[in-house]
Amino acid sequence: MRSFGTATVAVLLWLAVALAIDRWLLAPYCATCASALALELKVRLPAAELTYPPVSILVLIVIPMLVLALFLVPWRYLRSASAWREAFVHWCQPWFWLLVAVVLAVAGESLYVAVKDQLPKALTAVADKFSLTATLSVLKDYKPLSLTASLSGILGLALGACLFLAKGVKDVLKLPGT
């Protein structure tokens, strides 16, 4: 459990560092790079609304995956096909579990929408007080993708995030305590 907490802290720290890099380094020197493809998250709770401002996908996902690729290169066995195959499989794991997190969120929301009319009104009222909106923007003006989920989608995303942390981050980096 300790290594799961370490993976969680590492991801949360990266979210903060990615925001800082995007705002203070990338945006002033390459505004087009910063706004080329950005992700914004909004979480609405009954008592508050949390917003993670738009951050470049370049900083949020591409740079960490390139660093991970360099970390996973089998430097001692550069000519070994099996070492390269294992490194590639480890590199693909975070992508796969990130995709699983999104699919679980969409599946949870789809299931909720399908059975919403059969659920008690009190339950749907509570579920509708919670929402998560993920918006992908291109060059700040064009927003080709915006996904909104209620409580069931948030629960699916939370399950997917746990799997991403346990299988996609912790296992790949072989953090202590495994």
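Quantities reported herein were computed from a predicted structural model and do not represent experimental measurements.

Chemist: Teacher, can you tell me more about the packing of aromatic side chains here?
Modeler: The geometry of an aromatic ring pair is captured by two quantities: the separation of the ring centres and the angle between the planes. What the rule picks out here adds up to three aromatic pairs. Measuring from centroid to centroid gives 4.9 Å for phenylalanine 96 and tryptophan 97, while their planes differ by 80°, and the two rings are edge-to-face. With a relative accessible area of 47%, phenylalanine 96 lands in the partly exposed category. By relative accessible area, tryptophan 97 is classed as buried at 18%. Three or more aromatic residues link up through ring pairs in this structure, and these residues are Phe88, Trp91 and Trp95.

Chemist: Explain the environment of phenylalanine 96 to me, please; I cannot follow it from the model alone.
Modeler: Positionally, phenylalanine 96 belongs in helix H4 (residues 81–115). Taking the C-alpha atoms as reference, phenylalanine 96 lies 23 Å from alanine 16; in sequence the two are 80 residues apart.

Chemist: Even after reading the chapter, I still don't get the confidence of the model for the protein chain, so can you show me in this structure?
Modeler: Taken over all residues, the pLDDT of the protein chain has a mean of 84, while the share at 70 or more is 94%. By mean pLDDT, helix H2 (residues 31–36) is the weakest element of the protein chain at 78, and H4 is the strongest at 89.

Chemist: Is there a simple way to explain the environment of lysine 170 in this structure?
Modeler: Relative to the elements of secondary structure, lysine 170 occurs in helix H6 (residues 151–173). Once the C-alpha coordinates of lysine 170 and glycine 5 are considered, the two residues, 165 residues apart in sequence, prove to be 9.4 Å apart.

Chemist: Is there a simple way to explain the packing of helix H3 (residues 57–72) against H4 in this structure?
Modeler: The description of two packed helices rests on the angle between their axes and on the distance between the axes. At a minimum axis separation of 9 Å, H3 and H4 run at an interaxial angle of 155°. The angle between H3 and H4 places the two elements in the roughly antiparallel class. Handedness of the H3/H4 crossing: right-handed. Residues Ile61, Met65, Leu68, Ala69 and Leu72 of H3 pack against Ala87, His90, Trp91, Pro94, Trp95 and Leu98 of H4.

Procedures and definitions
- Residues numbered from 1 in each chain as written.
- Predicted model: local features only at pLDDT ≥ 70, side-chain atom pairs only at ≥ 80, totals over all residues.
- Heavy atoms only, no water.
- Phe/Tyr/Trp six-rings, centres within 6.5 Å; stacked < 30°, edge-to-face > 60°.
- Buried < 20%, exposed > 50% of the residue type's maximum accessible area, 1.4 Å probe, protein only.
- Helix = DSSP H or I, 4+ residues; strand = E, 2+ residues; numbered from the N terminus.
- pLDDT = per-residue confidence, 0-100.
- Axes fitted to C-alpha atoms, helices over the stretch in contact; angles between N-to-C directions.
- Parallel < 35°, antiparallel > 145°, perpendicular 65-115°, else oblique.
- Left-handed = near helix turned anticlockwise from the far one by under 90°.
- Contact = heavy atoms within 4.5 Å.

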